[in-house]
Amino acid sequence: MLLLCIDDFQALRWGSNFTVTLNGKDAPFIAELLNHVDQTGPTCYIVSAIIPSGFYNEIASGRLEIRIDETTGVGDGFAVDFVKLLINYNESIFKGRFSGYVYGAKNATVRLLGTSTTVTTDDGGKFTFEAVPGLNAVRASAQGYVEEYDYGIVLSAGTEWEPFLYLSEGIGSPDIDFSKFAATEAWSEASSWAIAELQKALDWGLIPDALMGADMTKPITRAEFAAVCVKVYENLGKTKAQPVAENPFTDCNDPEVLKAFNLGLTNGTSPTTFSPNQLLNREQAATMLTRAYKKVTMEGWTLETDGNFKLNYEKPAAFADDDKISSWQRTACTSWLPTTSLKASGTTSSLQGIPPRQKKPSNTPTQPVSRRC
Ligand SMILES: [Ca+2]
């Protein structure tokens with residue numbers, strides 16, 4: 001994440017238009033912040049942008065050149081007091097919270113600028129974000145309406161800014177396509193046997209942002225796999241998942257985890273913890289995927305009523321290590337693997353990388369292995 005302490009960026013007043021590059025690569029996810037705030041001295045404010053994973057190699061090079069240009073020539077002077085690059089930051093830096101309203105269009109999409117995180121407004125037009133304290137901006141859009149922006153100051157507690165956006169009918173402009181910044185050099189860190197299938201998974205939209213450009217030979221975490229399951233759910237169901245409104249976890253603020261939790265694809269490790277960085281074993285992976293499949297295909301399924309929803313499948317021969325599969329997830333391990341509909345809709349139906357019919361249930365899957373689910 002990049003924090004920029006900015007002063008006197010006045011795009012809204014002067015009609016200036018800024019572009020930002022990181023090591024020469026276009027970074028519109030930072031420029032959009034500078035172009036949608038109006039900020040003047042003597043107080044400077046911090047804006048925050050999550051750098052997509054397609055830029056990680058740039059950062060790993062040890063050199064990061066941030067270039068800000070004004071393209072219209074209006075002469076909007078500005079200063080950047082300091083820039084802070086946060087690496088492996090704790091998600092608890094998103095400690096500000098604010099709510100706002102969108103009127104004019106129902107169920108509008110609202111995105112927190114500097115991030116790819118979107119929410120949908122509720123029936124009353126309300127939306128809520130957790131944000132890094134400082135100057136923040138939001139973008140509201142809906143099909144058939146012109147997008148709108150608003151900005152304000154978010155505090156660690158007691159934020160008074162309440163964005164209010166009104167959408168008018170018309171033809172809007174497309175939002176930033178974040179997948180463009182994530183796909184870059186996505187598989188530079190993956191085993192050669194996995195690359196073809198990873199590319200297929202990418203084409204099918206199954207790779208979450210968190211894993212774009214990640215080292216795919218490493219074991220996968222609970223948070224990363226929750227994001228994979230959200231992608232599977234969204235693609236199978238041709239729908240968008242929404243994060244849970246009230247985050248019950250004190251150790252995780254990842255929007256993909258909050259979507260998976262909202263859908264019932266995953267539980268916390270306690271009522272208040274998710275343990276996002278804990279590694280996942282294969283049986284947990286199979287269980288989560290089964291829930292994603294059930295959620296899409298079985299009306300009324302919830303995590304609580306899971307026992308009432310049986311998958312119809314032809315039971316395959318038992319795994320050689322069947323006795324090592326925990327009873328709580330035996331159905332998941334043995335049932336979803338041969339499900340042909342999963343295969344038909346784009347996910348390979350086996351946890352590969354091990355001899356057939358021997359699934360090593362408790363081994364931690366590496367990222368490519370689980371990706372192939
Ligand atoms: Ca200025």
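S.K.: For this particular structure, what's the right way to read the environment of Lys-310?
M.R.: Locating Lys-310 in the fold gives a position in the loop between α8 (282–297) and α9 (330–335). Each C-alpha atom of the pair Lys-310 and Met-298 lies 9.4 Å from the other, and the pair is 12 residues apart in sequence.

S.K.: Help me understand the sheet that holds strand β11 (residues 134–141), please; the structure alone is not making it clear to me.
M.R.: Working definition: the strands of a sheet are paired by backbone hydrogen bonds and lie parallel or antiparallel to each other. The sheet built from 4 strands is open, its strands ordered β9-β8-β11-β12 with antiparallel pairing. The open sheet has two edge strands, β9 (118–120) and β12 (148–154), and neither has a second partner. With direction set aside, neighbouring strand axes in the sheet form an average angle of 25°. Taken together, the 7 bridges between β11 and β12 define a ladder with antiparallel strand orientation.

S.K.: Looking at this structure, how should I read the packing of helix α6 (residues 222–237) against α8?
M.R.: The relative placement of two packed helices comes down to the angle between their axes together with the axis-to-axis distance. With their axes 9 Å apart at the nearest point, α6 and α8 run at an angle of 25° to one another. With respect to α8, the element α6 is oriented roughly parallel. Here α6 runs over α8; the crossing is right-handed. Between α6 and α8, the contacting residues are Phe-225, Ala-226, Cys-229, Val-232, Tyr-233, Leu-236 and Gly-237 on the first element and Ala-285, Met-288, Leu-289, Ala-292, Tyr-293, Lys-295 and Val-296 on the second.

S.K.: Just to check I follow, could you spell out the sheet that holds strand β7 (residues 96–103) for this structure?
M.R.: With mixed pairing, 3 strands are arranged side by side in an open sheet as β10-β7-β13. Here the strands that pair on one side only, and so sit at the sheet edges, are β10 (126–131) and β13 (164–166). Averaged over neighbouring strand pairs, the angle between their axes works out to 25° when direction is ignored.

S.K.: Sorry if this is basic, but what is going on with the pairing of β7 here?
M.R.: Residues in a regular strand point their side chains to alternate faces of the sheet. Burial of the side chains of β7 is restricted to one face: Gly-96, Phe-98, Gly-100 and Val-102 are buried, whereas none of Arg-97, Ser-99, Tyr-101 and Tyr-103 on the reverse face is. Note that β7 and β10 share 6 bridges and pair antiparallel. By the bridge assignment, Gly-100 is partnered in β10 with Phe-127. Sheet analysis places β7 next to β13, joined by 3 bridges and oriented parallel. Along β13, the bridge assignment pairs Tyr-103 with Tyr-166.

S.K.: Sorry if this is basic, but what is going on with α6 here?
M.R.: Each α-helix winds once per 3.6 residues, and so residues spaced three or four apart point in a common direction. Its 16 residues place the ends of α6 22 Å apart at the C-alpha level, agreeing with the 22 Å of an ideal helix rising 1.5 Å per residue. Among the 16 residues of α6, 12 are classified as buried, and the element is accordingly described as predominantly covered. Listed in full, the buried residues belonging to α6 are Arg-222, Ala-223, Glu-224, Phe-225, Ala-226, Ala-227, Val-228, Cys-229, Val-230, Lys-231, Val-232 and Tyr-233. Following α6 by one or two positions, Lys-238 adopts a phi angle in the positive range, close to 50°.

Parameters and conventions
Residues numbered from 1 in each chain as written. Predicted model: local features only at pLDDT ≥ 70, side-chain atom pairs only at ≥ 80, totals over all residues. Helix = DSSP H or I, 4+ residues; strand = E, 2+ residues; numbered from the N terminus. Pairing = 2+ DSSP bridges. Axes fitted to C-alpha atoms, helices over the stretch in contact; angles between N-to-C directions. Parallel < 35°, antiparallel > 145°, perpendicular 65-115°, else oblique. Left-handed = near helix turned anticlockwise from the far one by under 90°. Contact = placed C-beta atoms within 7 Å. Buried ≥ 20, exposed ≤ 12 C-beta atoms within 10 Å, placed from the backbone. Expected span 1.5 Å × (residues − 1).

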